[in-house]
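# Coordinate analysis (summary)
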Amino acid sequence: MKAGNSDDVNEGEDNVEGKEEYAEVKEQESSDASEQRNSDWTGQEGNSCSGNEVDHSDFAKAKTEEENKEVIKEDDSDRKKDGVNVEGNENEDRKEDERCNVASSKKEGSDGGKAGSSSGGIEEREDARDAENTQGILLVDCIQGPMKAVERGCSVTAELMESFTRVFVDSVSNSFYPVPEEAIGVGSAFEGWSPCEWDGVYRVVVPLNPPPGHTFHLELSSAGQMAARTFSVRVELVCTCRREQLGEKLLCLLHHSQEELWQEQKRSLLETLCTRSYLDVEKTCRWFHQLVRSSWLRVPQSYSWHLVFQPCSRSCRFQLSRGKKSLTVEMLFGVRQGDSDIFVVSQPPEAQEGGSGVWVSSSQPAEANFTASTAWPETYAVAEVKFFQRVARQVPCECLHLKCLQVFTCILRGTGFSSSTWKTVVMHLLTIVPLSRWSRREFVVHLWDMVAYLGCCLQFKRLDHFVLGNERLPAEISLPPAMRRVEPLNLFEHLARDPAAHSAAMQAYGHLQFRLWTLLSGH
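Here the structure is a predicted model, which is why all the values come from computation and not from measurement.

### Describing the packing of aromatic side chains
Going through the model one piece at a time under the given rule, you end up with 14 aromatic pairs. Centre to centre, the rings of Phe 164 and Phe 168 are 5.3 Å apart; their planes meet at 10°, and the pair counts as stacked. Of the two residues, Phe 164 and Phe 168 both sit in helix H7 (residues 147-171), four residues apart, roughly one turn of that helix. On the numbers, 6.3 Å between centres and 75° between planes, the contact of Phe 417 with Trp 422 is edge-to-face. The exposure classification of Phe 417 matches that of Trp 422, with both residues buried.

Listed below in structure tokens is the structure:
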């Protein structure tokens, strides 16, 4: 994340750099711990994956079996420890609860005196597991994500958007311009994490509703992959005579004469922001810039912040500064697809989030592809941020999955796999591994889960899009009906077409395994 001065709103990012040790992976992977971890997941090729698809149900089944084994071992371990050092264990658990706010119950066996009958081999495995748990707690505590700085920037942005929305609604109330709704924060900042390549821009989507006497109709205007679709927003006039008869001061654009409309200085949206019959992104952007400019002095933030616009043809982007503090906000405007969490927007926030990778391309096309001013790309950013908010409310440690992302996008960056790929992997695992299992003691386990899941996807050259066709997607995330029934989109399709790229990706995966093993060995 880009930061200005030391007192910047975006300050406070301390990234723990992993040890950059390079060696031949096959030779270094001779460690028993690494081999055991890899064999637990990636070695079950016949069970976890079949055909050319990743079988999520078998991955979850394998995970459940391991959990059951761990529970049995943990019970034996607890029975042993009850007769040795119960007070020490309680103190350790109490410290853990204070650090992460985790309501983890202490597991105390009733027959601890029988622990002495355990064999030496079982004791060694239990000691190794306890060491791994301690290792995970130490490592998760070492990761200093930019949480406070990002949260502070999100809070400032959200408060400003609330102030703007109240002024916007009042400004367009007697016109035929689009009606802005409350802005929705999107992107990694509002999801609670930030990759190292994040540009430091806080992005929001401002939904636009049609003004009175108008309707919006979305028309698919692009062919090709579903995740790269673009739409045109067709604007139509509708009769408002009925509303006029009910006492509303509203002229019907269809049935009032042009002379009456001219006298009232009323122009339809078709005459102001459209090209032919379609809503024009660039015209809408210029109007929105003017709306923000005229509204700025009417919001309370104008008394303490200084606003400077930045040039952008498909969004409204500006910098706020106050003394040495500053942050950049980008307002994207969009049209909602029905009542769903899927939008068409002026430009996709995913393309600006730093999701580039050597072998994994973003699920959204780049901004340069949208040459037509009437092209509105589809985005799933609102649905994704809604998913992360849901997870944060349900996991025992609300930041653990985000720290997993920080490890692979910051500490172990530079392996060729994009931030968007790791984000997709984490989202899939959050729907496979029970949320109750995302505790600090299992941090190392989840890191290896992510690596194993990615390896399975690479082996079969298939990583499913998280939103499109995902049967595990929570029901509270609203999608257009047709979107739930589509065939899952393969984000690794290019690896299936290019053997050289797939070979390079597998080599990078081996290097990634070694770097993670090296990082964990140092803690």
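### Here's the deal with unusual backbone geometry
What is expected of a backbone is that most residues other than glycine have negative phi and most peptide bonds are trans. Even without glycine at this site, Arg 276 takes up a positive phi of about 60°. With respect to the element layout, Arg 276 can be found in the loop between strand E8 (274-275) and strand E9 (278-279). A positive phi angle, close to 55°, is found at Lys 461, a residue other than glycine. Checked against the element boundaries, Lys 461 lands in the loop between helix H16 (443-459) and helix H17 (481-485). Residue class for Lys 461 comes out partly exposed when judged on its relative accessible area of 29%.

### Comments concerning the packing of helix H15 (residues 419-432) against H16
When two helices pack together, their arrangement is given by the angle between their axes and by how far apart the axes lie. Taken N-terminus to C-terminus, the directions of H15 and H16 make an angle of 105°; their axes are 10 Å apart at the nearest point. Classified by the angle their axes make, H15 and H16 are roughly perpendicular. Note on element contacts: H16 touches H15 through Asp 449, Met 450, Tyr 453 and Leu 454, opposite Thr 421, Trp 422, Val 425, Val 426, His 428, Leu 429 and Ile 432. Its residues assigned to classes, the contact of H15 with H16 shows eight nonpolar, two polar and one charged.

### So, the side chain of Glu 191
The topology assignment puts Glu 191 in helix H8 (residues 188-191). Contacts of Glu 191, omitting those with residues within four sequence positions, involve Glu 384, Val 385, Phe 388, Leu 402 and Lys 423.

### Focus on H16
With 17 residues, H16 extends 25 Å from end C-alpha to end C-alpha; this agrees with the ideal 24 Å at 1.5 Å per step. Buried residues dominate H16, accounting for 16 of its 17 residues. Phi turns positive one or two residues past the end of H16, at Lys 461, with a value near 55°.

Criteria and thresholds
- Residues numbered from 1 in each chain as written.
- Predicted model: local features only at pLDDT ≥ 70, side-chain atom pairs only at ≥ 80, totals over all residues.
- Heavy atoms only, no water.
- Phe/Tyr/Trp six-rings, centres within 6.5 Å; stacked < 30°, edge-to-face > 60°.
- Helix = DSSP H or I, 4+ residues; strand = E, 2+ residues; numbered from the N terminus.
- Buried < 20%, exposed > 50% of the residue type's maximum accessible area, 1.4 Å probe, protein only.
- Axes fitted to C-alpha atoms, helices over the stretch in contact; angles between N-to-C directions.
- Parallel < 35°, antiparallel > 145°, perpendicular 65-115°, else oblique.
- Contact = heavy atoms within 4.5 Å.
- Nonpolar A, V, L, I, M, F, W, Y, C, P; charged D, E, K, R; others polar.
- Expected span 1.5 Å × (residues − 1).

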